[in-house]
Amino acid sequence: MSILKTFKDLFKRGNVPDDTRDVPNWLKIKNRQFKNIDFASNTVDSLVALSSPEFNEFVSSTDTNMLLVYLSTLSDAQMQKFYRYLDEVVKLEEGVEHKSARVQFENALLSIKKSEITNEQRARATLEIPLMINFAKHIYHAIMDFIDYVSQDYYNYDIENEFKMYEGHLEQIIWGKMNLIPDSFEQVIDHFKNFYDENNEEHKKFFIHLSKRFGLLIATLSRLIYKTQDRATSLNWFVSKMVEYDVVGSVEISISQSKTLTTDQKLINFLATTFGGICDESDDNYLSSLICVVETLFEWYPVNREPCDYAMVEMMKSVGVKKVNVDNANAFIAFFEELPRLYEVLSYDKIYELKELINHTLTHYAPHKNEIFEQEGVKNKLVLLNYFIDMEDLYYESGR
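Residues numbered from 1 in each chain as written. Predicted model: local features only at pLDDT ≥ 70, side-chain atom pairs only at ≥ 80, totals over all residues. Heavy atoms only, no water.

Caption draft 1: Representation of the packing of aromatic side chains within the structure. Under the defined criterion, the tally for this structure stands at 38 aromatic pairs. Centroid distance F335 to F336: 5.0 Å. Interplanar angle 85 degrees. Geometry classified as edge-to-face. Using a relative accessible area of 5% as the deciding quantity, one classes F335 as buried. Through a chain of ring-to-ring contacts, the aromatic side chains of Y155, F163, Y166, F192, F195, Y196, F206, F207, W237, F238 and Y245 assemble into a single cluster. (Phe/Tyr/Trp six-rings, centres within 6.5 Å; stacked < 30°, edge-to-face > 60°. Buried < 20%, exposed > 50% of the residue type's maximum accessible area, 1.4 Å probe, protein only.)

This is the structure we're talking about:
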């Protein structure tokens with residue numbers, strides 16, 4: 001048995017007598033630290049502070065039984081406050097059976113047997129419901145903000161709404177299907193090629209717009225497919241048109257310049273330089289760009305959770321097998337130093353889904369064993385190992 005595994009099994013933060021540090025709710029839940037949780041003092045203050053859309057998000061993302069257990073701990077005065085809130089504020093989402101929110105909760109509470117609810121269940125609900133409330137507030141506004149963010153660079157669709165499909169698909173690919181980018185881009189551009197009318201001036205304006213947004217990435221993907229599969233694609237056609245229309249120069253931009261951008265153009269550019277690193281067989285350029293891709297995607301976690309997870313795992317696997325320079329090693333560790341900031345806006349389940357993915361990847365691909373982490377001037381790899389023992393958030397808090 002390894003020292004790390006022994007340490008992990010024996011040590012549970014907050015469960016040792018001389019450990020006086022404040023233990024976050026998510027860790028108390030994991031460690032089943034349910035003693036001395038004062039569920040008799042629960043209130044609905046945070047719940048009734050939610051807007052109607054936030055409340056609907058909360059209800060849709062929260063375990064119903066957990067919520068009912070929490071409500072069962074409330075005093076009559078608190079429940080009346082909750083019911084007034086349901087009557088005056090909450091409007092159920094479309095498609096929900098036509099009953100008032102109050103009636104639905106009253107019926108649900110009548111269906112549970114309070115005598116069968118254990119104190120451990122009450123304690124857990126007391127710890128977990130505040131996390132769910134915070135998560136619901138965050139995710140609702142994050143989704144709304146993300147929609148605004150990705151539409152900043154869109155074409156003027158009041159002129160030609162048919163164009164929206166092409167730009168929308170390309171947008172969805174970069175934010176939602178990172179693992180499918182080469183093939184998916186080829187499919188969209190192939191369809192666009194058949195649609196495109198070069199004699200139509202509005203079509204040409206839209207083509208130039210797409211070139212300025214996605215041209216660098218499309219050109220890089222064209223190069224990648226030709227290099228790895230030795231075949232022509234619709235991407236080649238797009239690149240030749242860019243040359244014909246003399247818009248190639250307008251899409252060239254460096255990584256340092258990309259970092260200053262406030263729109264998703266920076267993600268597009270980072271993806272282009274990542275695939276460019278593959279084409280050039282440059283591990284340094286590939287990894288530095290991939291780290292930038294991961295950082296950019298995680299600005300919107302967990303709205304775009306799937307591509308975040310994929311990109312992060314690819315980054316960890318790459319550090320596990322490639323020769324890594326000092327700058328990339330430090331940027332890699334810095335990402336995991338800052339990652340626990342997300343715990344402040346995630347539910348218990350979402351925190352542990354993320355942590356389990358990190359720990360699984362660490363175990364199987366061992367990026368922390370790369371020889372670069374033994375060199376002077378490189379950040380301490382304990383930042384990674386702390387994830388095994390639920391200590392990573394302390395490292396983050398200590399550096400804030």
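There is more to say, and it comes next.
Caption draft 2: Molecular detail of the pattern of salt bridges. Counting across every chain of the model gives 24 salt bridges. For K266, the salt bridge is made with E299, and the minimal N-O distance between the two is 2.8 Å. Of this pair, K266 sits in helix α14 (residues 265-280) while E299 is found in the loop between α15 (283-297) and α16 (305-321), placing the two residues 33 residues apart along the sequence. With a shortest N-O distance of 3.4 Å, D283 and K322 are connected by a salt bridge. Here D283 is found in helix α15, whereas its partner K322 is found in the loop between α16 and α17 (326-338), with 39 residues between them in sequence. The exposure class assigned to D283 is partly exposed, which follows from its relative accessible area of 32%. Residues participating in the shared-partner salt-bridge network are K30, K355, D390 and E392. (Salt bridge = Lys/Arg side-chain N within 4 Å of Asp/Glu carboxyl O. Helix = DSSP H or I, 4+ residues; strand = E, 2+ residues; numbered from the N terminus.)

Caption draft 3: Expanded view of the environment of Y387. Here Y387 lies in the loop between α19 (382-385) and α20 (392-398). A relative accessible area of 0% places Y387 in the buried class. A C-alpha to C-alpha distance of 9.8 Å links Y387 and P340, two positions 47 residues apart in sequence. Those residues in contact with Y387 that lie beyond four places of it in its chain are F336, L339, P340, Y343, K355, I358, N359, L362 and E392. Of note is the side chain of Y387, whose polar atom sits 2.7 Å from the backbone oxygen of F336. (Contact = heavy atoms within 4.5 Å. Polar contact = N/O pair within 3.5 Å; in protein donor to acceptor, adjacent residues only side chain to side chain.)

Caption draft 4: Looking closely at the environment of I143. Here I143 lies in helix α8 (residues 119-150). By relative accessible area, I143 is classed as partly exposed at 29%. For the pair I143 and Y301, spaced 158 residues apart in sequence, the C-alpha separation works out to 10.0 Å.

Caption draft 5: The packing of helix α9 (residues 164-176) against helix α11 (residues 201-229), seen in detail. At their nearest, the axes of α9 and α11 sit 11 Å apart, and the two run at 15 degrees to each other. The angle between α9 and α11 places the two elements in the roughly parallel class. Helix-helix and strand crossings are classified by hand; for α9 and α11 the assignment is left-handed. For the pair α9 and α11, contact is made by Y166, E167, L170, E171 and I174 and by F206, H209, L210, R213, F214 and L217, respectively. A breakdown of the residues in the contact of α9 with α11 according to their chemical character gives seven nonpolar, one polar and three charged. (Axes fitted to C-alpha atoms, helices over the stretch in contact; angles between N-to-C directions. Parallel < 35°, antiparallel > 145°, perpendicular 65-115°, else oblique. Left-handed = near helix turned anticlockwise from the far one by under 90°. Nonpolar A, V, L, I, M, F, W, Y, C, P; charged D, E, K, R; others polar.)

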